[in-house]
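The residues making up each chain are set out below.
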Amino acid sequence: MISVATLASCTSTQSNQQAQTTSNGSASGQTCAPEIASIDFGIISTESQQNQKPKFEPFIEAMSQTIGRPVNAFYATDYAAVIEAMGANKVQVAWYGGKSYITAAERSNAEAFAQTVNSDGTQGYYSHLITNKENPIVSEIDLQKGNGNEYIVENAKDLTFAFNDPESTSGYLVPSYYVFAQKGVNAKEAFKQLIFAGSHEATAQAVANQQVDVATNNSESLTALKASDPKAFEQIQVIWTSPVIPSDPITYRKDLPDCLKGQIKDFFYSYKDTAVLEPLGWQAFVPAEDKTWNTIRELNIGKDILEVQNDKNLTPQTRQQKLDELNQKLDALK
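These notes cover the structure that comes with them. (Residues numbered from 1 in each chain as written. Predicted model: local features only at pLDDT ≥ 70, side-chain atom pairs only at ≥ 80, totals over all residues. Heavy atoms only, no water.)

### Let's talk about the state of the cysteines
No. 1: One pass over the structure, following the stated rule, counts 1 disulfide.
No. 2: Shown here is the disulfide that connects cysteine 32 with cysteine 259, its sulfur atoms set 2.0 Å apart. Between cysteine 32 and cysteine 259 the sulfur-sulfur dihedral comes to about 90 degrees; the bridge is accordingly right-handed. Residue cysteine 32 is found in the loop between helix H1 (2-24) and strand E1 (39-43), and its partner cysteine 259 is found in helix H11 (residues 258-270); the two are separated by 227 residues along the sequence.
No. 3: Using a relative accessible area of 0% as the deciding quantity, one classes cysteine 32 as buried. (Disulfide = S-S within 2.5 Å. Helix = DSSP H or I, 4+ residues; strand = E, 2+ residues; numbered from the N terminus. Buried < 20%, exposed > 50% of the residue type's maximum accessible area, 1.4 Å probe, protein only.)

If you want it as C-alpha cells, here you go:
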C-alpha cells in the first residue's frame, strides 16, 4: 500500500512538472504551440531584397534554431506589405519603423515587445534631407547650420524631391512634420516634381545619380550605404538633420500563444552575436512596450493638426470638428 501510494505520488509530480513545462514553453519548440509549424518574420524595405537577404539570413537562422521551428524571412516590396501581411496572419513577427508600427498596431494586431539598440549603443536615429554634392543648391545652404530645410521650402517650385515610403518614419513622417507642416507647406503640391522612391536605398541612389535635387534619408541607412556603395555615399551631402527619433520596434501578433511569445522574447533579449548583428546596424535588443512609440503618434497627430489648420478648403465648422477629434487623440496618449 505504501509502495503504491509513493509511486502514484511520484507519477502525479512528474505529470504536474511536464504540464508546467509545456505551459511555460520552456521545453523544445514542439511542446509549445505545435500547431504553429513555422514563423514568418516581416522585414520592411529599407533596402532592396538583394542587399537585405545576406544581412538577415544568419539572424533568421539563429532565431529558427533558438525557438525550435523554422523561421521564414518575408522581404516586402514596401512598408505597407508587412503591415498587411501581419494583419492577414501571413507574418507573425516583424521589424517595423515607428510610423509603420503605429499603423500596424492599429490595423494589424501588432504588439511591440523589443526595441533595437544601434551598433554604437544608442536607441535613436535621425532623419535627413540629402542632395548631391555637385548640385548648385549646396552653395546656397549653410551646411554648418544644416538649414537646407529652409532653402528647399523657399525654392520648392524649382526643385525635384523624393520621399521614401508613405509609411516611413524618417523617410516621410518626420520631414513632413518638421520641414513642411510646421511651415504650412503642402509638400505634395509645392515641388516641381515629387516622387516616392520606395526605400532609403532608392532615395540615396536617386540623389547620387542626380535624378532628384533633394530626398529624405536617415543616419542608419547612410551608414549602411557607406559600407555597401561607398562611391554613391561620397556623392551625398546632408543638408538637414531632424531631432532624435526612437529606434525601431520588434513586434509580434497579439494573438500568438503566450509560450511562443516567451520563446521569441527570450531569443531577442539574449541575442548578442556581434558578427550577425553588426551588418544590420544593431548591437542588441531591449524590452519595450507600445507606449515607447507614443512620441511618433504625437508627431503624426501634430502633422495632421497643422495640415487641418492650413487647409483653406475647410469650412470653419469642419475645421474645428477635425481639430477636436485630433486633440482628443492627443489627450488619450497622456
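### Regarding the sheet that holds strand E10 (residues 236-241)
No. 1: Across the sheet, 5 strands lie side by side as E8-E7-E9-E6-E10; this open sheet has mixed pairing. Strands with a single pairing partner mark the edges of an open sheet, and in this sheet they are strand E8 (193-196) and E10. When the angles between neighbouring strand axes are averaged without regard to direction, this sheet yields 30 degrees.
No. 2: Of the pairings in the sheet, the one linking strand E7 (residues 160-163) to E8 comprises 4 bridges and is parallel in character. (Pairing = 2+ DSSP bridges. Axes fitted to C-alpha atoms, helices over the stretch in contact; angles between N-to-C directions.)

### Let's talk about the packing of helix H2 (residues 49-67) against H11
No. 1: At a minimum axis separation of 10 Å, H2 and H11 run at an interaxial angle of 130 degrees. As far as their axial angle goes, H11 and H2 are oblique. In terms of crossing hand, the pair formed by H2 and H11 is right-handed. For the pair H2 and H11, contact is made by Phe59, Ala62, Met63, Thr66 and Ile67 and by Gln263, Ile264, Phe267 and Phe268, respectively.
No. 2: Broken down by class, the residue content of the contact of H2 with H11 amounts to 7 nonpolar, 2 polar and no charged. (Parallel < 35°, antiparallel > 145°, perpendicular 65-115°, else oblique. Left-handed = near helix turned anticlockwise from the far one by under 90°. Contact = heavy atoms within 4.5 Å. Nonpolar A, V, L, I, M, F, W, Y, C, P; charged D, E, K, R; others polar.)

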